Amino acid sequence: ILKMKNKQNYSVIILGAGISGLTVSYFLNRFKIRNTIIEKEKFSGGLLNSFKVKNYIFDNFIHISHAKNYTAKSFFRKSASYYKLNPKPNNLYKKNLWLDHSPQFHLHPLKFIEKIKIILSYLIRKRSKFFRLKNYENWLRGVYGSYFAKNFPMRYTKKYWATESKNLNTSWIKFRMQEINFKDLILGCFFKIYKDTYYSSDMKYPKNGGYESFLRILKKNKKIIYNSKIQKIDYLNKEIYTNNGKLKYDILISTIPLPEFALLSSNNVKIKKSAKKLRCTAGIMVSLVLNKIIKTRSWFYIYDKNFKAARIYSPTKLSKNNSPKKTSSLQAEIFFDNKKKISKEFLNKMKQNTIENLVKNKILKKNDIKAIDVRYKKYANVIFDKNYDYNRNLILNFFKKYNIQFLGRFGLWAYLWSDQCFLAGKAMAKSVAKEKLN
């Protein structure tokens, strides 16, 4: 731990007590640097919190640790013992028609005519033509052919990202989408084989308490001001105004949603305009407490247009301790643009759609359901539309001039996992410590 002069007179304000805010505060505390977290809720943990419905444990959307870095893995291990998972997710294509994941490698269950359409479309695809226009739809058509692209990933994009594929850029794809060669396409079409293409083989989930248990050490933080809603950020005078009063800072670290930060901080017309253009999905979680063990995979993706959920997972499959013995649970995830206004009627409609389609696809029976919990989260996944880079970078570069730092999925407005947020928080604390030392 670094020894610093006047360290008690040096103040860091952290906005948001999710994993990023908690992590940077934890390591700043180890460096003996005074810091305070401002949190609008009455609890810490953010999106990684877990919750109970009749003693059944659920997370806010599915969370699994993919951590490979030794530091992150060992810290999570100190926080909670965990199970190592090797799930084999699958896909519901149409009514009662299931394909292993990734679907492009497991087309055997499809009708012969549909397989032929996929193969022919793949053979006549024009990669250079499609790749010339840099958007996700063209990438899909160039990689898989138009028939598969249209009926699988383009359909799923609308459900998961709440926009058309043509509106997305390709910067986020990386390892998440698997390309396919002709040999694998033919094998998957006409032979019942399994090809493990999932991008992570080292997955971990806490044995007890839900995913939130990985934050157990971090959540012991006593320097959090709860129920504190930010009203204004004066970055010129380094002051934060909240419903609880005014705070001054030397360094400001924000993990709150970037558009909200920009609108709270600046009267710059250009910055406000870019903030309003940043897009994100909101999510509805329909959590089902079941009175019997339901036979599903750990999670599955849904391509059926009439089934509004994009993905469903079973907390029981992640840890047997998430539900009592001889019972199970499911959680459906439904996404839409977070600028959409929702009502109680809409939430009820999504609940009914989930139940009806689970029954229709013979996943469960109505009398298997013991309790239902419906929740809404305004921020789920950042949408990487074609204007994403310009608007995001404009805001980040503007505030960088005023020594304001950003962290986390929503603070940086990026696709980040919990271990990445943890490591970034640690690195930022170290950077702040070095700056103070100098």
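Since this is a predicted model, take the numbers as computed values, not measurements.

## Concerning the overall build of the protein chain
If you tally the helices and strands in the protein chain, you get 15 helices and 19 strands. A compact globule built from 438 residues should have a C-alpha radius of gyration of about 22 Å, and the protein chain, at 23 Å, falls within 12% of that. Expressed as lengths along the three principal axes of its C-alpha atoms, the size of the protein chain is roughly 75 × 55 × 45 Å. Here the protein chain holds 438 residues, and 57% of them are scored as buried. Of all intrachain contacts in the protein chain linking residues separated by at least 6 positions in sequence, the fraction that spans at least 24 positions is 74%. With the model as given, the accessible surface of the protein chain reaches about 21,000 Å², and the carbon-plus-sulfur share is 51%.

## Structural notes on the packing of aromatic side chains
Two measures describe an aromatic ring pair: the distance that separates the ring centres and the angle between the ring planes. Within the structure shown, the criterion is met by 43 aromatic pairs. Aromatic pair Phe112 and Phe190: ring centres 6.3 Å apart, planes at 50°, arrangement tilted. With Phe112 in helix 3 (residues 112-123) and Phe190 in helix 8 (residues 182-190), this residue pair connects regions lying 78 residues apart in the sequence. Phe112 sits in the exposed class, given a relative accessible area of 56%. Pairing Tyr235 with Phe399 gives two aromatic rings, centres 5.6 Å apart and planes at 90°, and the pair type is edge-to-face.

## With respect to the layout of surface pockets
By volume, the second largest pocket amounts to about 410 Å³. In terms of lining residues, the second largest pocket is bounded by 16 residues, among which Arg155, Lys158, Lys159, Lys305 and Lys308 are the most central. When residues of the lining of the second largest pocket are traced back to their parent elements, those giving at least two are helix 6 (146-151), helix 7 (153-160), strand 17 (328-337) and helix 12 (344-360). Element by element, the count of residues in the lining of the second largest pocket is highest for helix 7, at four residues. Among the residues making up the lining of the second largest pocket, the classes are represented as eight nonpolar, one polar and seven charged.

## With respect to the side chain of Ser266
With respect to the element layout, Ser266 can be found in the loop between helix 9 (258-265) and helix 10 (269-277). Classification of Ser266 by relative accessible area gives buried; the value is 1%. From its side chain, Ser266 meets the backbone nitrogen of Asn268 in a polar contact 2.9 Å long. Residue contacts for Ser266: discarding those within four places in its chain leaves Tyr235, Ile271, Lys272, Phe398 and Phe399.

## A word on the sheet that holds strand 10 (residues 230-234)
On the basis of which strands lie adjacent, the open sheet formed by three strands has the order 10-11-12 and antiparallel pairing. Two strands bound the open sheet, and with one partner strand each, they are strand 10 and strand 12 (245-248). Each strand of the sheet is rotated relative to its neighbour by a mean of 15°, with strand direction disregarded. Pairing of strand 11 (residues 239-242) with strand 12, which is carried by four bridges, proceeds in the antiparallel orientation.

## Some details on the sheet that holds strand 1 (residues 11-15)
The strand order across the open sheet built from five strands is 9-2-1-13-19, with neighbouring strands paired in parallel fashion. One side of each edge strand has no neighbouring strand; the edge strands of this open sheet are strand 9 (224-225) and strand 19 (404-406). Taken together, the four bridges between strand 1 and strand 13 (residues 251-254) define a ladder with parallel strand orientation. The residue bridging Val12 from the neighbouring strand is Ile251, located in strand 13. Sheet strands touched by helix 1 (residues 19-30): strand 1, strand 2 (34-38), strand 9 and strand 13. Its angle to strand 2, the strand with the most contacts, is close to 165°.

## Structural notes on helix 3
Over its 12 residues, helix 3 extends 17 Å from the first C-alpha to the last, a length consistent with the 16 Å expected when each residue adds 1.5 Å. Of the positions making up helix 3, those classed as buried are Glu114, Lys115, Ile118, Ile119, Ser121 and Tyr122. Taken end-on, helix 3 shows its buried residues confined to a sector of 165°, consistent with a single buried face. Among the exposed residues of helix 3, those pointing more than 90 degrees away from its buried face are Phe112 and Ile113. Residues of helix 3 that are buried in the fold lie against strand 6 (90-94), helix 5 (136-144), helix 6 and helix 8.

Criteria and thresholds
Residues numbered from 1 in each chain as written. Predicted model: local features only at pLDDT ≥ 70, side-chain atom pairs only at ≥ 80, totals over all residues. Heavy atoms only, no water. Helix = DSSP H or I, 4+ residues; strand = E, 2+ residues; numbered from the N terminus. Rg over C-alpha atoms; globule rule 2.2 N^0.38 Å. Buried < 20%, exposed > 50% of the residue type's maximum accessible area, 1.4 Å probe, protein only. Contact = heavy atoms within 4.5 Å. Areas by Shrake-Rupley, 256 points an atom, 1.4 Å probe, with all protein chains shown as cover. Phe/Tyr/Trp six-rings, centres within 6.5 Å; stacked < 30°, edge-to-face > 60°. 1 Å grid on protein atoms, 1.4 Å probe; cavity = no way out; pocket = protein on both sides within 12 Å on 5 of 7 lines; lining within 4 Å. Points joined across faces, edges and corners; volume = space filled by probe spheres on them. Nonpolar A, V, L, I, M, F, W, Y, C, P; charged D, E, K, R; others polar. Polar contact = N/O pair within 3.5 Å; in protein donor to acceptor, adjacent residues only side chain to side chain. Pairing = 2+ DSSP bridges. Axes fitted to C-alpha atoms, helices over the stretch in contact; angles between N-to-C directions. Expected span 1.5 Å × (residues − 1). Arc of directions from axis to C-beta.

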